[in-house]
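Residue-level structural notes
Read off the chains here:
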2 protein chains.
Amino acid sequence: MRIAKNSEVKEVEIVLKGTKGMRKRVLIGADNGSKDIIMRCFTLLPGGYSERHSHSHEHLVNVQGGKGIVVDNEGNEIEVREGYSIFVERDELHQFLNPFQKDFEFICVIPNIDKT
Amino acid sequence: MRIAKNSEVKEVEIVLKGTKGMRKRVLIGADNGSKDIIMRCFTLLPGGYSERHSHSHEHLVNVQGGKGIVVDNEGNEIEVREGYSIFVERDELHQFLNPFQKDFEFICVIPNIDKT
């Protein structure tokens, strides 16, 4: 068993084309012995956004703090806030934006796609 | 894509031997099209506890609200609170307790073990 205070887990900035003001913590992953799933926590700073993209694995998201905008496959913009969950299907286009004043923080769980 | 307010997702009471005051919401699961992972949210009422057990799938847990006690494989009791994450390995004995005054709420993610 591993117990961690999330704020003490190493945080890295995501530097990718199409991404701005995005930070990631791997709360639970392969380094902790997790075989099937990876739990990450992302912070989007005010004005930040993730890349608009799709991929073959699903996302299970839970908003931890602040509020943000999710852009769905069709380009619709939906506001979410703490206490909301979002399921992004395989191969679905998606993007997360933070046009607000406070950090937008969410957990994003994915299958351990490096296991094979 | 599916977006839900967690508090509006159907909540059920878990009635099992060795379990008391425990409620569950399946935030994202097979019914929503999730193939690989299930995201559940549990609430342990004050005085409540989960069964002490082990199983062949792992748990990735994030505490959403309140505080509680996690009992590990060796019987150690560790206090956790909002902002903590817990990884329970496969086949590891574990139990969650709430001896406190406020609801203890946590997300618990598992592989979709019904998919095979």
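First, a word on what this report is: a plain description of the structure on this page. These numbers were taken from a predicted model, which means no experiment stands behind them.

What counts and what doesn't
- Residues numbered from 1 in each chain as written.
- Chains lettered and ligands numbered in written order.
- Predicted model: local features only at pLDDT ≥ 70, side-chain atom pairs only at ≥ 80, totals over all residues.
- Heavy atoms only, no water.
- Contact = heavy atoms within 4.5 Å.
- Buried area = accessible area lost by both parts, 1.4 Å probe.
- Salt bridge = Lys/Arg side-chain N within 4 Å of Asp/Glu carboxyl O.
- Helix = DSSP H or I, 4+ residues; strand = E, 2+ residues; numbered from the N terminus.
- Least-squares fit on C-alpha atoms with pLDDT ≥ 70 in both.
- Buried < 20%, exposed > 50% of the residue type's maximum accessible area, 1.4 Å probe, protein only.

What to know about the interface of chain A and chain B
In this complex, chain A contributes 41 residues to the contact, which on the side of chain B involves 41 residues. Summed over both partners, the interface of chain A with chain B buries about 3400 Å², with 62% contributed by carbon and sulfur atoms. The three residues of chain A that bury the most area against chain B are A:M1, A:I3 and A:F87, which together make up 22% of that side's buried surface. At the junction of chain A with chain B, the criterion picks out 2 salt bridges.

Some details on the environment of B:L97
All names here are of chain B. Here L97 lies in strand β9 (residues 95–97). The sequence separation of L97 and K20 amounts to 77 residues, and the corresponding C-alpha distance is 9.4 Å. Non-local contacts of L97, meaning those with residues more than four positions away in its chain, are made with L44, G48, Y49, G68, I69, V71, E77 and F104.

Some details on the relation of the copies chain A and chain B
The transformation that overlays chain A on chain B combines an axial shift of 0.0 Å with a rotation of 180°, and the residual RMSD is 0.0 Å. The relationship between the two copies is best expressed as a two-fold rotation axis. When the interface residues of chain A are mapped onto chain B, 100% of them again fall at the interface, so both copies present the same face.

Considerations on unusual backbone geometry
A positive phi angle, close to 65°, is found at A:D91, a residue other than glycine. Under the relative-accessibility criterion, A:D91 is labelled exposed at 55%.

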